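Take a look at the letters that make up each chain.
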Amino acid sequence: MKISEIFNTSDRAIFSFEMFPPKKTSPIESVYGKLEEICALKPDFISVTYGAGGTGAHSRTCEIASKIKNDFGVESVAHLTCVNSTKDEIDSTLADFKAHNIENILALRGDYVEGVEPKKDFIYASDLCEYIKDHSEHSDFDLCGACYPEVHLEAKDEVEDILNLRKKVEAGAEHLISQLFFDNSVFYRFLERAKIAGINVPIEAGIMPVTNKSQIERMVSMCGASLPSKFVKIMQKYDSKPEALRDAGIAYAVEQIVDLLANGVDGIHLYTMNNPYVARKISEAVVSLL
């Protein structure tokens, strides 16, 4: 089922998860146990991040997304990056997705790899969206795009960022998933900018429950999310108590989600970090609110 149909037919907020493939040094089966536990929570869909770089990078993404849908009965979304791919490589990946019954794609530019010259066929995620929608053999894929409540790190300002997002939607992205954030007011201001710019597709709020200090330091450095003083105090107080920090991170995420749902957001996209315990605790806390 296409994700746009889920949004169009649902009378409640969508609740979805994100998972990632294991490292190339680990067998793909190493994630199957966690995958089964997380699928058992029955989210509306699960997105699967793109595999590590190199030849056949998409294969683990494809295999896991296929297993989610075909073995566990949960709709899946396969991430697809383009900056390091030619059109022929994208064609091959899309054909593989289709052969595995995958209907939904999160179209991304992807990160530049140090020491690797990017390909020239796709510069932005909007180029990938346009390419897929303009080719009849690919046009039936449902496309999702990423958005950045606190502005993409490479955009010069909010105006440029929101105009680029509108271009992505005009190129074919039918719904959006936000980068993580820890201050809901940031997300609400972003929604206002999107509305003013004429972006009218569903937008899911990306929520990451922080369970350890290194995790938050890594994610903040990657996406530039700001940390409210309330959040910082929680991290400082429980830094030396792993279980307490985990539970405090879950509680903070639940508080965010409750507020977001009360304010009528289109959906919540939970970055599970492949942690069934965290996904289950948050699901149990908010399921009656959806």
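Rules used throughout
- Residues numbered from 1 in each chain as written.
- Predicted model: local features only at pLDDT ≥ 70, side-chain atom pairs only at ≥ 80, totals over all residues.
- Heavy atoms only, no water.
- Helix = DSSP H or I, 4+ residues; strand = E, 2+ residues; numbered from the N terminus.
- Rg over C-alpha atoms; globule rule 2.2 N^0.38 Å.
- Contact = heavy atoms within 4.5 Å.
- Areas by Shrake-Rupley, 256 points an atom, 1.4 Å probe, with all protein chains shown as cover.
- Lys, Arg positive; Asp, Glu negative; His and termini not counted.
- Charge placed at Lys NZ, Arg CZ, Asp CG, Glu CD.
- Buried < 20%, exposed > 50% of the residue type's maximum accessible area, 1.4 Å probe, protein only.
- Pairing = 2+ DSSP bridges.
- Right-handed = clockwise from strand over helix to strand, strands pointing away.
- Arc of directions from axis to C-beta.
- Polar contact = N/O pair within 3.5 Å; in protein donor to acceptor, adjacent residues only side chain to side chain.
- Core = buried A, V, L, I, M, F, W, Y, C linked by side-chain atoms within 4.5 Å.
- Axes fitted to C-alpha atoms, helices over the stretch in contact; angles between N-to-C directions.
- Salt bridge = Lys/Arg side-chain N within 4 Å of Asp/Glu carboxyl O.
- Phe/Tyr/Trp six-rings, centres within 6.5 Å; stacked < 30°, edge-to-face > 60°.
- Lys NZ or Arg CZ within 6 Å of the ring centre and 35° of its normal.
- Patch = residues over 30% accessible without salt bridge, like charges linked within 9 Å, V, L, I, M, F, W, Y side chains within 5 Å.

*Asks:* Before we move on, could you go through the overall build of the chain and cite the residues and values that matter?
*Replies:* A count of helices and strands for the chain gives 11 helices and 8 strands. Taken against the 2.2 N^0.38 rule, which gives 19 Å for 290 residues, the C-alpha radius of gyration of the chain at 18 Å falls within 12% of a compact globule. For the chain, the spread of C-alpha atoms along the three principal axes comes to 50 × 45 × 45 Å. Residue pairs at least 24 apart in sequence account for 79% of intrachain contacts in the chain once pairs closer than 6 positions are excluded. Per element, the accessible surface of the chain, about 13600 Å² overall, is 50% carbon and sulfur. In the chain, 31 positive and 44 negative side-chain charges are present, and the distance between their average locations comes to 5 Å.

*Asks:* Help me get a handle on the pairing of strand β7 (residues 203–207), residues and values and all.
*Replies:* For β7, the tally of buried residues reaches 5 of 5 residues, placing the bulk of the element in the interior. Because side chains alternate across β7, one face comprises the buried residues Ile203, Ala205 and Ile207, and the other comprises Glu204 and Gly206, equally buried. Judged from the 3 bridges that link them, strand β6 (residues 175–180) and β7 form a sheet pairing that is parallel. Within the sheet, the bridge partner assigned to Ile177 lies in β7 and is Glu204. Following the backbone out of β6, through helix α7 (residues 184–196) and into the adjacent parallel β7, one traces a crossover that is right-handed. One ladder, built from 4 bridges, connects β7 with strand β8 (residues 267–271); its direction is parallel. Considered in β8, the bridge of Ala205 is made with Ile268.

*Asks:* Can you break down helix α11 (residues 276–286) residue by residue, with the values?
*Replies:* Each α-helix turn comprises 3.6 residues. Residues three or four places apart therefore point the same way. Every buried residue of α11 is accounted for by Pro276, Val278, Ala279, Ile282, Ser283 and Val286. What you see down the axis of α11 is that its buried residues fit within an arc of 165 degrees, all on one side. Its buried side turned inward, α11 meets β1 (14–19), α2 (32–39), α10 (242–262) and β8. A distance of 3.1 Å separates the backbone nitrogen of Tyr277 from a side-chain oxygen at the start of α11, and that oxygen is part of Asn275.

*Asks:* Can you tell me about the nonpolar core, naming the residues and giving the values?
*Replies:* Where a protein is soluble and globular, its nonpolar side chains tend to be buried together. Core analysis: the largest hydrophobic core is formed by 64 residues, its most contacted members being Phe97, Leu176, Ile199, Ile268 and Ile282. Considering every element that reaches this core, the biggest residue donor is α10, with 6 residues. Leave out the neighbours within four places in its chain, and Ile282 touches Phe15, Pro209, Ile250, Ala253, Val254, Ile257 and Leu270. By size, the runner-up hydrophobic cluster in this structure holds 26 residues, among which are Phe45, Val77, Val210 and Ala248.

*Asks:* Please provide a residue-by-residue account of the sheet that holds strand β4 (residues 104–108), values included.
*Replies:* Strand order around the closed barrel formed by 8 strands is β1-β2-β3-β4-β5-β6-β7-β8, with parallel pairing between neighbours. Ignoring which end each strand starts from, the neighbouring axes of this sheet average 30 degrees apart. Taken strand by strand, helix α5 (residues 125–134) contacts β3 (75–81), β4 and β5 (142–147), and its axis lies near 140 degrees from that of β4.

*Asks:* I'd like to hear about the pattern of salt bridges, residue by residue, with values.
*Replies:* When charged atoms on two side chains of opposite charge get close, those side chains can pair. For the structure shown, the criterion picks out 15 salt bridges. For the salt bridge of Glu103 with Lys69, the shortest nitrogen-to-oxygen distance reads 2.7 Å. Of this pair, Glu103 sits in the loop between α4 (87–99) and β4 while Lys69 is found in helix α3 (residues 58–70), placing the two residues 34 residues apart along the sequence. According to the relative accessible area criterion, Glu103 is partly exposed, its value standing at 23%. In this structure Lys69 comes out as buried when scored by relative accessible area, which is 14%.

*Asks:* Now, about unusual backbone geometry: what can you tell me, with residues and values included?
*Replies:* Even without glycine at this site, Val151 takes up a positive phi of about 80 degrees. Mapped onto the elements of the fold, Val151 is located in the loop between β5 and α6 (158–170). Given a relative accessible area of 15%, Val151 falls into the buried group.

*Asks:* Lay out the packing of aromatic side chains in plain terms, naming residues and giving numbers.
*Replies:* By the definition in use, this model includes 6 aromatic pairs. Aromatic ring contacts, followed pair by pair, group Phe181, Phe187 and Phe190 into a single cluster. Residue placement shows Lys67 over the ring face of Tyr32; its charged tip is 4.5 Å from the ring centre.

*Asks:* Requested: an account of the side chain of Ser178, with residues and values cited.
*Replies:* Inspection of the secondary structure assignment puts Ser178 in strand β6. Residue Ser178 is classed as buried on the basis of its relative accessible area, which comes to 0%. Once residues lying within four places of it in the same chain are set aside, the contact partners of Ser178 are Cys147, Pro149, Phe187, Glu204, Ala205, Gly206 and Tyr271.

*Asks:* Talk me through a nonpolar patch on the surface; I want residue IDs and the actual numbers.
*Replies:* On the surface, a nonpolar cluster with roughly 310 Å² of combined accessible area is contributed by Tyr112, Ile123 and Tyr124. On the secondary structure map, Tyr112 appears in the loop between β4 and α5.

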